[in-house]
Amino acid sequence: MRIAVNTRFLQKDFPEGYGYFLHETFKRITTAHPEHEFIFIFDRPYDPQFIFSPNTRAVVCGPPARHPVLWKLWYDFRIPLILKKTRADLFVSCDGFCSLATAIPQCLVVHDLSWIHFPSFISKSHLLFYKYYTPKYLQKAARVATVSHFSKKDLITQYGIGEDKIDVVFSAAKTSFHPATGPQMTVIKEKYTNGNEYFLYTGAIHPRKNLFNLLKSFSIFKKKQNSNFKLLMAGRLAWKYDQFVKDLQRYKYRKDVILAGYLPEEELVQLMSAAYALVYPSFWEGFGVPVLEAMRSGVPVITSVDSAMQEIAGDAALYANPASPEDIADKMMLIYKDEQLRTRLIQKGIGQEKKYSWDRTASLLWETILKSAGRTEQP
C-alpha cells in the first residue's frame, strides 16, 4: 500500500503539538511496516532527519499553508494533484484538515474542538474556517481518530458522528522526561529560582491555558501561606500573549513569577523534574500531555476537573475548577501542607503514566489507517 501523509508540521524546531505527534507515531509506523511505501508531503523545505526509513520519500508541495486561504489552496488543489501523481492509496492528515477534492480514502486525526467551546481564543478568520469546513472534513474522512474518549464524546455531541467511525488513539509523554535526584533538584532550583521551591506551568502562553486565573490563584496562595514559593511559567508566547505580559507587569507578586519563555527540551526536562508540583488549569485540551510529562518526572499534578486531563490522570492528580482561582489555590495549599498526599500522588502518577506510550499510540493509529483503507493486517 502507498500511504501519503500530511507532514507540514514536521519542522526542524517543532516544539509541541501536531509536530511531535507526527514525529513519534510515523517514525515508528514507517520502520515497523517496510512492506508499505510512505509519501511525506511537506509544504516547505524539510529536514532529512524526518525521512525515517528507506520506505519513506518526501514531496515538497508549496506554498506554505499558514492561513485559511492557503489552507484551502493546499488541501483542495495542491494535495489532490500530489495524490494522483504519486498514485497514493490513502491520505493521512493529523491536523484536523483533509482534502475535499479527492476520491482517495482519508484518515483524519482531530485532537480537540476547543474552538467551539472558546471561540474568542482564536482569530476570527480561523474560527470561520473551522466552523465551515470541520463538519465537511469529518463527513469526508473514511475514518476519524482522536486522542481521548473525552474528545471522542465531544465529536459525537457536536457533529452527530457515528461512534463506530471514531477511534481513540491516545497520546503520550516525551520519553526524555525523568525524575531528578535530590542533589540535582538543588542545582536546578539554584539556577532558576535562587533555591526556592516552585509551582510549574508548561505550555503556550495563550488564553485557552487559563493563565490569568493561575496568577490569581498564586496570589491567593501567597497571601495565605506567606512562603518563598515561586511560579515558573515555561512556554512559547502564542496568540494574544501581549495582554498577559502587560498584566504580569502590574502583578503584585511579579518578583515571584518567572516567565521563562520557550525552552529547549533539555532545560524543560530539568525544570519539570525539580518542580514542587505542576499546575495545569487549562480550560480545554484534547489530551493534556504536560500532565503525563510531570508524572513521568515524579512530580504531582494539579489540573482541571471534568476534562480530558481527568480521564488521562485518573486518581493520580488533584482536580480544580479552572474557572475558580479559589479552588485552584485550595489545591495548591493542600499539596503544600500535606506531604503524605504529595508523596502518594507522585507514586500513583508514575504508575498512571506507564499506561501510555508512543509505541501504543503508533499501534493504535496504524489500526485506524488500515481501517480507513478498508484493510486488515495479514497474520
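Structural data are supplied above this passage.
In short, a report on the structure. What you see is a predicted model, and the numbers here were worked out from it, not measured in a lab.

## Description of the overall build of the protein chain
And then number 1: Secondary structure summary: the protein chain contains 14 helices and 13 strands in total.
And then number 2: The C-alpha radius of gyration of the protein chain comes to 21 Å, within 12% of the 21 Å expected for a compact globule of 379 residues.
And then number 3: Classification of the 379 residues of the protein chain by burial places 58% in the buried group.
And then number 4: Across the protein chain, every contact between residues at least 6 apart in sequence was considered, and the portion connecting residues at least 24 apart equals 66%.
And then number 5: Carbon and sulfur atoms make up 53% of the accessible area of the protein chain, which amounts to about 16500 Å² in all.
And then number 6: Put simply, the protein chain has 49 plus and 37 minus side-chain charges, and the middle of one group is 5 Å from the middle of the other.

## Topic: the sheet that holds strand β8 (residues 198-202)
And then number 1: Sheet architecture is open: 6 strands sit in the order β10-β9-β8-β11-β12-β13, paired in parallel fashion. Sheet topology places β10 (257-261) and β13 (318-320) at the edges, where each strand pairs with a single neighbour. Neighbour-to-neighbour, the strand axes of the sheet open up by a mean angle of 25 degrees, direction not taken into account.
And then number 2: Pairing of β8 with strand β11 (residues 277-280), which is carried by 2 bridges, proceeds in the parallel orientation. Across the sheet, residue L200 finds its bridge partner in β11, namely L278.
And then number 3: Sheet contacts for helix α10 (residues 289-296): β8, β11 and β12 (301-304); angle to β11, the most-contacted strand, approximately 175 degrees.

## Thoughts on unusual backbone geometry
And then number 1: Residue P63 is bonded to the preceding G62 through a cis peptide linkage, with omega at 0 degrees.
And then number 2: Of note, the phi angle at N194 is positive, near 55 degrees, even though the residue is not glycine.
And then number 3: Position of N194 among the secondary structure elements: in the loop between α6 (182-193) and β8.
And then number 4: A residue is classified by how much of its surface remains accessible, and N194, at 68% relative accessible area, is exposed.
And then number 5: A positive phi is found at D306, a non-glycine position, where the angle reads about 55 degrees.
And then number 6: As for its placement among the helices and strands, D306 is situated in the loop between β12 and α11 (308-313).

## Focus on the sheet that holds strand β5 (residues 106-109)
Across a sheet, strands are paired by hydrogen bonds formed along the backbone, either parallel or antiparallel in direction.
And then number 1: Read from one edge of the open sheet, 7 strands run β3-β2-β1-β4-β5-β6-β7, paired in parallel fashion. Since the sheet does not close on itself, it has two edges, and those belong to β3 (56-60) and β7 (166-168), each with one partner. Averaged over all pairs of adjacent strands, the angle between strand axes in this sheet comes to 25 degrees, irrespective of strand direction.
And then number 2: Relative to strand β4 (residues 90-93), strand β1 (residues 2-6) runs parallel, the two being bridged by 3 bridges. Looking across to β4, one finds that V5 is bridged to V92.

## Notes on the packing of aromatic side chains
And then number 1: Inspection of every chain in the model, using the stated rule, returns 36 aromatic pairs.
And then number 2: Their ring planes at 85 degrees and their centres at 6.1 Å tell us that F26 and F40 sit as a pair that is edge-to-face. Here the residue F26 occupies a position in helix α1 (residues 17-32), and F40 occupies one in strand β2 (residues 37-42), the gap between them amounting to 14 residues.
And then number 3: With 6.2 Å between their ring centres and 35 degrees between their planes, F121 and F283 make a pair best called tilted. With F121 in the loop between α3 (114-117) and α4 (124-140) and F283 in the loop between β11 and α10, this pair connects stretches of sequence that are 162 residues apart.
And then number 4: Classification of F121 as buried rests on a relative accessible area of 15%.
And then number 5: Relative accessible area serves as the criterion here: at 22%, F283 is assigned to the partly exposed category.
And then number 6: Through successive ring pairs, a cluster of aromatic residues spans W71, W74, Y75, F97, W115, F129, Y130, Y132, Y133 and Y137.

## So, the pattern of salt bridges
Oppositely charged side chains are able to pair whenever their charged atoms sit close together.
And then number 1: Summed over the entire model, instances satisfying the criterion amount to 19 salt bridges.
And then number 2: We note a salt bridge from D167 to R143, for which the minimum N-O separation is 2.7 Å. With D167 in strand β7 and R143 in strand β6 (residues 143-146), this residue pair connects regions lying 24 residues apart in the sequence.
And then number 3: Residue D167 is classed as buried on the basis of its relative accessible area of 12%.
And then number 4: Overlapping salt bridges, with partners in common, bring together E24, K27, R28 and D359 in one network.

## Here's the deal with the environment of I116
And then number 1: Among the secondary structure elements, I116 is positioned in helix α3.
And then number 2: Taking relative accessible area as the criterion, I116 reaches 25% and is therefore assigned partly exposed.
And then number 3: Taking the C-alpha atoms as reference, I116 lies 8.1 Å from K131; in sequence the two are 15 residues apart.
And then number 4: Those residues in contact with I116 that sit more than four places away from it in its chain are Q158 and Y159.

Cut-offs used in this document
- Residue positions are counted from 1 within each chain, in the order its sequence is given.
- For this predicted model, a pLDDT threshold of at least 70 governs which residues receive local features, and a threshold of 80 or more governs which side-chain atom pairs are given and counted, while totals over whole chains, interfaces and linings are taken from all residues.
- With hydrogens and water set aside, each side-chain value is computed from the structure's full complement of heavy atoms.
- Here a strand is any run of E in DSSP of at least two residues, a helix any run of H or I of at least four, and the numbering for each starts at the N terminus.
- Our radius of gyration is a C-alpha quantity, and the globule rule it is checked against amounts to 2.2 Å times the number of residues to the power 0.38.
- With a 1.4 Å probe rolled over the protein chains alone, any residue whose accessible area is under 20% of its type maximum counts as buried; one over 50% counts as exposed, and the rest are partly exposed.
- Should any heavy atoms of two residues lie within 4.5 Å, those residues are considered in contact.
- Each accessible area value is a Shrake-Rupley result obtained with a 1.4 Å probe; residue values ignore everything except the protein chains displayed when judging cover.
- For the purpose of charge, His is not counted, nor are the chain termini; Lys and Arg are scored as positive and Asp and Glu as negative.
- Here the site of a charge means NZ on Lys, CZ on Arg, CG on Asp, or CD on Glu.
- Paired strands, in this sense, are two strands between which DSSP finds at least two bridges.
- Axis definition: a line fitted to C-alpha atoms, over the contacting stretch in the case of helices. Angles run 0 to 180 degrees between N-to-C directions.
- Only the six-membered ring of Trp is used, alongside the rings of Phe and Tyr, when aromatic pairs are assigned; centres must lie within 6.5 Å, and planes under 30 degrees apart are stacked while those over 60 apart are edge-to-face, with the rest tilted.
- Any carboxyl oxygen of Asp or Glu within 4 Å of a side-chain nitrogen of Lys or Arg constitutes a salt bridge here.

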